[in-house]
Each structure stands twice: as C-alpha cells, then as structure tokens.
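Geometric and topological summary
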Amino acid sequence: MKDKSEVTKRSKANKEPVVKKAAAKNVAAGTDKKASQTQLPALDLAMLRDRIDGIDRHIQELIVERAQFANQVGKAKGKLAAAVDYYRPEREAQVLRRVVDRNDGPLNDDVLVRLFREIMSACLAQQEPLKIGFLGPEGTHSQQAVFKHFGHSIHGLPLGSIEEVFQEVEAGNADFGVVPVENSTQGTIQSTLDMFLTSKLKICGEVELRVHQHLLSRSGRIEDIERVYSHPQSFAQCKAWLRQYLPKAEKIAVASNAEAARRARSSDDAAAIAGISAANVYGLKSIAGPIEDRPDNTTRFLVIGRELFSTSGNDRTSLLIFIKDQPGALYHVLAPFAKHGLSMNRIESRPGHTGLWQYAFFIDVGGHVQEEAMRHALDELADYAQQVKVLGSYPVAIA
Ligand SMILES: O=C(O)C(=O)C[C@]1(C(=O)O)C=C[C@@H](O)C=C1
C-alpha cells in the first residue's frame, strides 16, 4: 500500500466538496445557520447513502459480469473432468498482486485481497466448489488458512490428522489439502516435512496466517481453571503467559486446538488455548487474548495437490535433496543457487529414512522450475546429489 499520510490527505480532500455542496444548498434554500447545522448531518447521511446505493448497484453488476466472463474462461479451457482442472493458482496470484499494486488505501492490502479472493472463489465455484482437506475439527487455524487461501466458496473436509490430509488428497477425495509447516515462534512442524519423504504430492501454494491465541472456557472466569487443553505448538507459543497467569494449572496436550475447545466445554474448571473462532464454534467465552508470547506469531501453511502449476512470476520452489556422503557435497549442492542468483530462504535437515545417519535437506529457493536460472541450477547440482525431488513451485504468499 502506498504512503498512508498521502491517502488520508486525499480522502479528506474527496470528502470536503460533498459537505460544502450540502451546506451551500441549505443557504440557497434560505435556512438559517442554526437550522442548517442541525439539518446538515441528516441531509448528508441520506445523500451519502444514496451514493453508496448507486456504487453497490454498480459493484453488483460488475461482479455478475465478471462471473460470466470467468464462466467463459472455464468453457475456453475445454470440457474438463472436475473443478480442480479449472483452478489456476498462478493466475489468482497475478490478479491479487495487481490488487495490491493498485491499492492507495484507505482499505489495507489484506482486506482488499480477502474481498477479491472471495470473488474469485465464487467465480470458480460456478463449475463446482473445490474440496479442501485440513486438520479439523471446525474452528482450527488450519481452517482459517483454508478460507484465507481459497475463500469461502469451497467444500471444507475437516480431517483427523496431517497424515489423513495427505491420504485424502492422494486418493482424490480432496482436491487440495492445507497443512501447517512452520511457526515463527516454534519453528518447523516436522511431522509435515516428513510426509514429503514418501508422498508423491506437490506443493501448490503457501499461506501465512497471523495466529492469535485465546484462553477459552465455559464460565469465562480464570479463577475456576485447573486444567488447560491445547495442541503442543500452541502451549509452546503461550509459555510465558501460562507461567505468569496459570502456573499451577495442569497442561494437557491434545491433537488440535479445536479438540481442546471441544473438551473445555464439558466442565467449568477446564480451559482451552485456541483461536477465537473456536469460541464461536464451541460456545466458549474468551478469558484472555491474544495471549501468544510474540505479537508477530505467524504460521506458514502449505497447499498440497496432485500436480505442479505454471509460473506466476513471483514463485518459490521447495526441494528435497538427498546428498552423497562425500566431502563438500552440501557445499556443491548449494553453490549453483548462488551462482544463478537464486536466493535460498530456508534449509532444514531431517533423517532421510534411507539408512542410518543419512540426511535429507528441505530447501526453499526463490524462483520456479520452469525458469531458466532454476533449471540450470538443478542440472548443475545433480552431480552431487543422490536424489533431487521437486516438491513444488508455487506463488509466494500474498498479504
Ligand atoms: O483465469 C482463469 O483461468 C479463470 O478460471 C478465472 C479465475 C478468476 O475468477 O479470475 C477463476 C478461477 C481460477 O482459479 C483463476 C482465475
């Protein structure tokens, strides 16, 4: 978004003539100063609402027209088997980047991106809603990440574990899955990374979600709380807060924050740490929140699917590389990225499950496998790697 002070100045300048015109009308109609002061807000309100009604009509016409064009784009793609065949994440990313580039305020980038995401979600659902698997039950941060990335015109499939999300996408019961991969406070979610060691699925997108945790309970009174349920990651994100405010309460780890909320609703002395949406779903009150120790607490999720998509112009590639056991192998594997000007923003080693003390490296690099620089880098490192698996090339997360 551009300079905010400029935006404020401009939107003020836009409003002034409207007020002045209304005041001038009152004077022309012979109303005295006092009367015009009392009448002005009412007149103004009616006139402004009239403008808003006109704009709404216009927006609606344009959305309908857009939906008709999206339908035609769908037809131009030919007679395809399912909704997933019409989905183009690279095109969606380009549309959303343009929204951000055009934005001069007063609405924030993330607000405008959300609105346009919903429009595209609805346009795509004209074919048939996408089926998206996520770590359930309803009300998890994973579900929020699903909505952030795909909009609300989808069919969500809450599943019991990250493994199940992979399985359902592999089996074709879900078109895509959304799984957490790292948290800015707690680091990598290793169980997700390890799934890629054996899975054939591809990474088709990433979602960054600011995660706010709340302490939720049935009564809403902190003095009642003797037990707290949550996912181990959420406990870790709120460690200092819990030490300060609930040092004596028993901490019970469960499979998801929504499961924690489900358990907390059965007695007054239990609480859950979860997102505020779980409070609405499970009928709980927020005792305190946000309670995460770091205010920038963010979780990164991956979108997993069965195929790779084309370049969007600003992409990231995730690779899984098994290196040979020889001196300098890791150096030789990484050097081609630097040589071709590709920035590496993440490297993580995990036991490769190929032999004792054999490691696999998960590497994220800026760029797309369809781009020349990346192709050259991959060719050059192949001599020093036992195996290179392209997990996916996908648009960098937007707002
Ligand atoms: O451009 C396309 O390929 C479309 O199908 C249109 C559209 C859109 O609404 O803009 C809808 C769904 C796709 O995922 C991408 C974009």
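Source: prediction; values computed, not measured. (Residues numbered from 1 in each chain as written. Predicted model: local features only at pLDDT ≥ 70, side-chain atom pairs only at ≥ 80, totals over all residues. Heavy atoms only, no water.)

The subject of this paragraph is the packing of aromatic side chains. Across all of its chains, the model carries seven aromatic pairs by this definition. Relative to F150, the ring of Y87 lies with its centre 5.6 Å away and its plane at 40°, an arrangement referred to as tilted. Of this pair, Y87 sits in the loop between helix 2 (33-76) and helix 3 (89-102) while F150 sits in helix 5 (residues 141-150), and the two are 63 residues apart along the sequence. Each member of the pair, Y87 as well as F150, is classed as buried. Centroid distance F176 to F309: 6.3 Å. Interplanar angle 35°. Geometry classified as tilted. Placement of F176 in strand 3 (residues 176-183) and of F309 in the loop between strand 11 (298-305) and strand 12 (315-323) is noted, with a sequence separation of 133 residues between them. Just as F176 is buried, F309 falls in that class too. Taken together, the ring pairs in this structure connect Y87, F150, F176 and F309 into an aromatic cluster. (Phe/Tyr/Trp six-rings, centres within 6.5 Å; stacked < 30°, edge-to-face > 60°. Helix = DSSP H or I, 4+ residues; strand = E, 2+ residues; numbered from the N terminus. Buried < 20%, exposed > 50% of the residue type's maximum accessible area, 1.4 Å probe, protein only.)

In this structure, P137 follows G136 across a cis peptide bond, with omega equal to -5°. Along the chain, P137 turns up in the loop between strand 1 (130-135) and helix 5. Non-glycine residue A399 carries a positive phi angle of around 35°. In this fold, A399 is placed in the segment after strand 15 (385-395).

Turning to the site of the ligand, a few remarks are in order. The environment of the ligand is formed by R66, V73, K77, Y86, Y87, R88, R91, E92, M120, C123 and L124. Contact between the ligand and E92: an oxygen atom at 2.6 Å from a side-chain N or O atom of the residue. Taking 360 Å² as the accessible area of the ligand by itself, protein coverage stands at 91%. Of all elements in the fold, only helix 2, helix 3 and helix 4 (109-124) reach the threshold of two or more residues within the shell around the ligand. Element by element, the count of residues in the shell around the ligand is highest for helix 4, at three residues. In terms of residue class, the shell around the ligand is built from six nonpolar, no polar and five charged. (Near = heavy atom within 4 Å. Polar contact = N/O pair within 3.5 Å; in protein donor to acceptor, adjacent residues only side chain to side chain. Areas by Shrake-Rupley, 256 points an atom, 1.4 Å probe, with all protein chains shown as cover. Nonpolar A, V, L, I, M, F, W, Y, C, P; charged D, E, K, R; others polar.)

This part covers the side chain of T188. Mapped onto the elements, T188 comes out in strand 4 (residues 187-188). Those residues in contact with T188, other than ones at most four positions away along the chain, are V181, E182, L193, Q233, R346 and E348. (Contact = heavy atoms within 4.5 Å.)

Right, let's talk about the UniProt feature "domain: Prephenate dehydratase" (unreviewed entry) in the protein for a bit. Look at the UniProt record and you will see "domain: Prephenate dehydratase" (unreviewed entry) annotated at residues 131-306. The span residues 131-306 carries 32% helix and 34% strand; its end-to-end C-alpha distance comes to 13 Å. (UniProt positions renumbered as here; feature names shortened; annotations may be inferred.)

Membership of the largest hydrophobic core comes to 25 residues, with the highest contact counts inside it found for F166 and F196. Mapped onto this core, the elements with two or more residues apiece are strand 2 (154-159), helix 6 (162-170), strand 3, helix 7 (190-198), strand 11, strand 12, strand 14 (359-366) and strand 15. Excluding residues that lie within four positions of it along the chain, F196 makes contacts with F166, L201, I203, L302, I304, L320, F362, K389 and L391. In terms of nonpolar packing, the next biggest core, distinct from the first, is built from 21 residues, Y86, C204, L209 and V303 among them. (Core = buried A, V, L, I, M, F, W, Y, C linked by side-chain atoms within 4.5 Å.)

Here strand 7 (residues 227-230) runs beside strand 8 (residues 250-253); their pairing, made up of four bridges, is parallel. Bridge assignment links V228 to a residue of strand 8, and that residue is K251. Note that strand 7 and strand 9 (residues 270-274) share three bridges and pair parallel. Across the sheet, the residue bridging to Y229 is A272, located in strand 9. (Pairing = 2+ DSSP bridges.)

Moving on, we come to the sheet that holds strand 12. What holds strands together in a sheet is hydrogen bonding between their backbones, with the strands either parallel or antiparallel. One open sheet accounts for four strands, arranged 13-14-12-15; its pairing is antiparallel. For this open sheet the edge positions go to strand 13 (344-351) and strand 15, each flanked by a neighbour on one side alone. Each adjacent strand pair in this sheet contributes to an overall mean axis angle of 15°, direction not counted. The pairing of strand 13 with strand 14 spans seven bridges and is antiparallel. Its bridge partner being in strand 14, I347 is matched across the sheet by I363. Contacting strand 12, strand 13, strand 14 and strand 15, helix 7 crosses the sheet at an angle of about 80° to strand 13. (Axes fitted to C-alpha atoms, helices over the stretch in contact; angles between N-to-C directions.)

Attention shifts here to the sheet that holds strand 10 (residues 285-288). Ordered in space as 8-7-9-6-10, the five strands form an open sheet in which the pairing is mixed. Each having just a single partner strand, strand 8 and strand 10 make up the two edges of the open sheet. Strand-to-strand twist across the sheet, computed as the mean angle between neighbouring axes with direction ignored, equals 35°. Each of strand 6 (214-217), strand 7 and strand 9 is contacted by helix 10 (residues 257-264), which is oriented at about 160° to strand 9, the strand it contacts most.

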